[in-house]
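# Fold and contact review
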Protein chains: 2
Amino acid sequence: MGTEARYERLAASLAADIRSGKRVAGERLPSVRELARLRHVSINTAIAALRRVEQLGLTQVRPQAGYFVCASATRAPEIAQVRPSRQARSVAVNQLIATLSNAVDAPENVPLGTAVPEASWFPFKTLAANAARSLRAQPENLALYGELAGVPKLRNQIRSRYRDLGCHIDQEELLITNGCLEGLNLALRAVAKPGAVIAVESPAYFGFLQIIEGLGMKALALDTDPNTGLSVQGLETVLASRSSSRPDCLLLASSFSNPSGATIPEASKATIVRLCADYEVPIIEDDIFGELHFHGSRPLPLKSFDRRGQVILCSSFSKTLAPGSRIGWVAAGAWADAIRLGKLMLSQATATPMQHAISQYLQEHRFDRHLSKLRATSAEHIQRFSEAIDRHFPVGTRISRPIGGYVLWVQLPKGSDAELLHERANHNKISILPGTLFSTGNEYRNCIRINCARTWTNQVATAIKQLGQLAAEL
Amino acid sequence: MGTEARYERLAASLAADIRSGKRVAGERLPSVRELARLRHVSINTAIAALRRVEQLGLTQVRPQAGYFVCASATRAPEIAQVRPSRQARSVAVNQLIATLSNAVDAPENVPLGTAVPEASWFPFKTLAANAARSLRAQPENLALYGELAGVPKLRNQIRSRYRDLGCHIDQEELLITNGCLEGLNLALRAVAKPGAVIAVESPAYFGFLQIIEGLGMKALALDTDPNTGLSVQGLETVLASRSSSRPDCLLLASSFSNPSGATIPEASKATIVRLCADYEVPIIEDDIFGELHFHGSRPLPLKSFDRRGQVILCSSFSKTLAPGSRIGWVAAGAWADAIRLGKLMLSQATATPMQHAISQYLQEHRFDRHLSKLRATSAEHIQRFSEAIDRHFPVGTRISRPIGGYVLWVQLPKGSDAELLHERANHNKISILPGTLFSTGNEYRNCIRINCARTWTNQVATAIKQLGQLAAEL
């Protein structure tokens, strides 16, 4: 743990030098031995730090010569923070989604819209074989409603994975859901009523905004740093305020947030949980990308810092293993009874065959091996896509620097209309998502989200080039 | 059709004679030849009518002697109609459900609570084999989100079953859901807002009441006949009223309603649809038991009479084929777009493996054969349970006379407390549901619902006897 923290600190310092322009494109970084001497660290720590910086897409190895700062690392700047409105606003993303969804779903498009990997990145054959075996072994499961909370073995396995992180989840609070979305719906209905104010990040995952709209609630976008996520200061200000915009609930993804990729540092996570507990504001946490860190250890969910059942954690296997299984979960904290009842009313027990199949897969210890492959592939593709965007998009484009997940958030030059780009891209058989989906206002009209979890083929490379040309013509 | 109508009329007339006491217990009915002569019908019609009356549990065959009126047919009277409150009321069934649900779920109990058949009544081995085959043939489905509306082939098969009834459902309006419940939630959210008044039957399925409560709506219970269901006159009165209790939506099961078993006659169904269209009130129809008729042809859903997309039909395979598959559907009428968006927000696409498995099953033409077996078994068990209840329950008990489905609605003598009976039954390892679950008021405190879809074993027979004793001690 000590070593890890040391190499992380060193990598962060090198990355900051590169991003700030202190070290420029083409510059050679110190060698392993130089770095170890200069920074008073071990050889192993220096190696790990240099590798991390490379994983971040900031440097490239030239054999026999060392690590060199990438052109892209200093050229396309990071995303600039946009300050959202200070008012809680009613939400209206559903109409836009209705307009877009046909285009996004078009099977003939290069699918850079939906945040889902190419099928081949998932071990679907093993999972399908597990599912088939479990169906033949326990066919009677199809004739029974199943336990409302889900298959006990799978629930225990999920709890045990969190326990290994130091995140305690009670048996009674964990419920299997139809994907993460159903969990988020149940959670928001359990903690807040129509008219309630829900604090969200800026930009925020459009699914959050859809649910807020659907339940007749309001969204309050909080200041959010493109890298470190939700501003603790900003949160404290609105919690302490007595205006009608004081939030009734905080809804966020604290690690590898969608679309920004921002990850809240651990110390801030602890503060956020404490603040919300002090003000008695429940937190709903979407941890769906939490396992997809590119380096170091998995970031802790907010739930790890929760001592009072104030945090409801929602997640699923959709981004990591099998979107088609539609298996998610909620760790409901103090709202376990309400969420159980909500689930009973909404869809009864989740179908069990896929629960058994995933449970079998977890039992065979295959999940961690698969995850580490998926992480490496995602990191590699985030870098490839970043470089290509950097090369082909117009000057003034900014790109997010996610350290996990597989989406990029791209700010086009001021005045660009991302909805128009979406339309033209769709006309060219490329799906992307326009930034307007991710806010209640118009702050992200010049942004797009790009799913990078697509094997880097000529077709994909051409699509990015085309997108860049279309963006230049806006 | 002509013949069928004739034998149905004749059967209804004989049944009325028995139920009214004109023909008493032990009396022999006319023979086939006598009946044909007396009523001027063919031999075949007379045979069919006598069989129908037997299926209703009103007569028994004695070999070589003919049909005799059952003791039970005249002894335990039919359910007496209870007039519900004329006011729209807020609903609070969830607390009661929370209290009961552990008891209902207890696996060691004789399960007469939940309305679900014994596993062996379902062809789960065939279905599981289909599912396993489809998983191995198309494992990549697990790695894809799937189409939001559901697997096209299954949707076409469902539409084609309705088309065979003369009930037209558009391709665009049909959406696969996580069971019927999710469909009902989506439908109610699409047509009404918090505070809206939802007209329901009396008694009404507790799932309806839960959803109404969950969405902050109010329920208005309409006059309902124990056999012919919703009173058309009563509906017209509330539709024409200008009070705050005028309904914004009608939510009901028009065939083999749960718990009453009532089935609205076809002519009244047509009138109900016309009335609601005239007053522009949408109808949400739960058709989940619609295929489980004991005789004649499947009753038409309200949707068959809909010319304007005013009726949203919700159903599933949970009562007929595979509750564990969690596959239901919504035919959304004029609300197709809203319900699509609602589904996208609530849980995204429904998992596809079970959709493929059921589709395969339907394609092999196994479903109708299975249904006809399930209908016969259900009819037989409704009769057996009715006779046993009649024999063992206290004098003054009344029993519903369902002509489809598999639940009985039992009115205990006035003053009996069904919640207390539920508690004592549970203590004796028997699950039933108390009538208080099925209304917003206290009208059904002396009623219970009994699931009869359990193979008639000594254990079940003993449970009914015990229930009768417990009821007598109330």
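Residues numbered from 1 in each chain as written. Chains lettered and ligands numbered in written order. Predicted model: local features only at pLDDT ≥ 70, side-chain atom pairs only at ≥ 80, totals over all residues. Heavy atoms only, no water.

### Remarks on the sheet that holds strand 14 (residues 398–399) of chain A
All names here are of chain A.
- Read from one edge to the other, the open sheet built from 4 strands follows the order 14-15-18-17, with strand pairing classed as antiparallel. Strand pairing shows two members of the sheet lacking a second neighbour, strand 14 and strand 17 (433–434), which therefore form its edges.
- Note: strand 14 against strand 15 (residues 407–411), 2 bridges, orientation antiparallel. Note on strand 15: the bridge partner recorded for Arg398 is Gln411. (Pairing = 2+ DSSP bridges. Helix = DSSP H or I, 4+ residues; strand = E, 2+ residues; numbered from the N terminus.)

### Concerning the pairing of strand 6 (residues 197–200) of chain A
Residues and elements named next belong to chain A.
- Residues Val197 and Ala199 line one face of strand 6 and the alternating positions Ile198 and Val200 line the opposite face, and both faces are buried.
- Summarising the sheet, strand 6 and strand 7 (residues 218–221) pair through 4 bridges and their orientation is parallel. Of the residues in strand 7, the one forming a bridge with Ile198 is Ala219.
- The parallel pair strand 6 and strand 7 is bridged by helix 9 (residues 206–214), and the resulting crossover is right-handed. (Buried < 20%, exposed > 50% of the residue type's maximum accessible area, 1.4 Å probe, protein only. Right-handed = clockwise from strand over helix to strand, strands pointing away.)

### A short note on the relation of the copies chain B and chain A
- Overlaying chain B on chain A yields an RMSD of 0.1 Å, the required transformation being a rotation through 180 degrees with an accompanying axial translation of 0.0 Å. Taken together, the rotation angle and the small translation identify this as a two-fold axis. Among all C-alpha atoms of chain B, that of Ala132(B) lies closest to the rotation axis, at 2.0 Å.
- When the interface residues of chain B are mapped onto chain A, 100% of them are again interface residues, pointing to one common binding face. (Least-squares fit on C-alpha atoms with pLDDT ≥ 70 in both. Contact = heavy atoms within 4.5 Å.)

### Description of the environment of Ile79(A)
All names here are of chain A.
- Locating Ile79 in the fold gives a position in the loop between helix 4 (71–75) and strand 3 (89–90).
- On the accessibility criterion, Ile79 (11% relative accessible area) is buried.
- Residues within four places of Ile79 in sequence aside, it is in contact with Pro226, Arg398, Ile399, Ser400, Trp409, Val410 and Gln411.

### Points about the interface of chain B and chain A
- Taken together, the 56 residues of chain B in the interface contact 56 residues of chain A.
- The junction of chain B with chain A conceals about 4500 Å² of combined surface from both sides, 66% of it contributed by carbon and sulfur atoms.
- The interface formed by chain B and chain A holds 0 salt bridges in total.
- Joining chain B to chain A, the criterion identifies 18 residue pairs in polar contact (both at pLDDT 80 or more).
- Counting residues per element, the ones that place at least two in the side of chain B that touches chain A are helix 5 (94–105), helix 6 (124–137), helix 8 (179–191), helix 9 (206–214), helix 12 (336–346) and helix 13 (353–363) of chain B. (Buried area = accessible area lost by both parts, 1.4 Å probe. Salt bridge = Lys/Arg side-chain N within 4 Å of Asp/Glu carboxyl O. Polar contact = N/O pair within 3.5 Å; in protein donor to acceptor, adjacent residues only side chain to side chain.)

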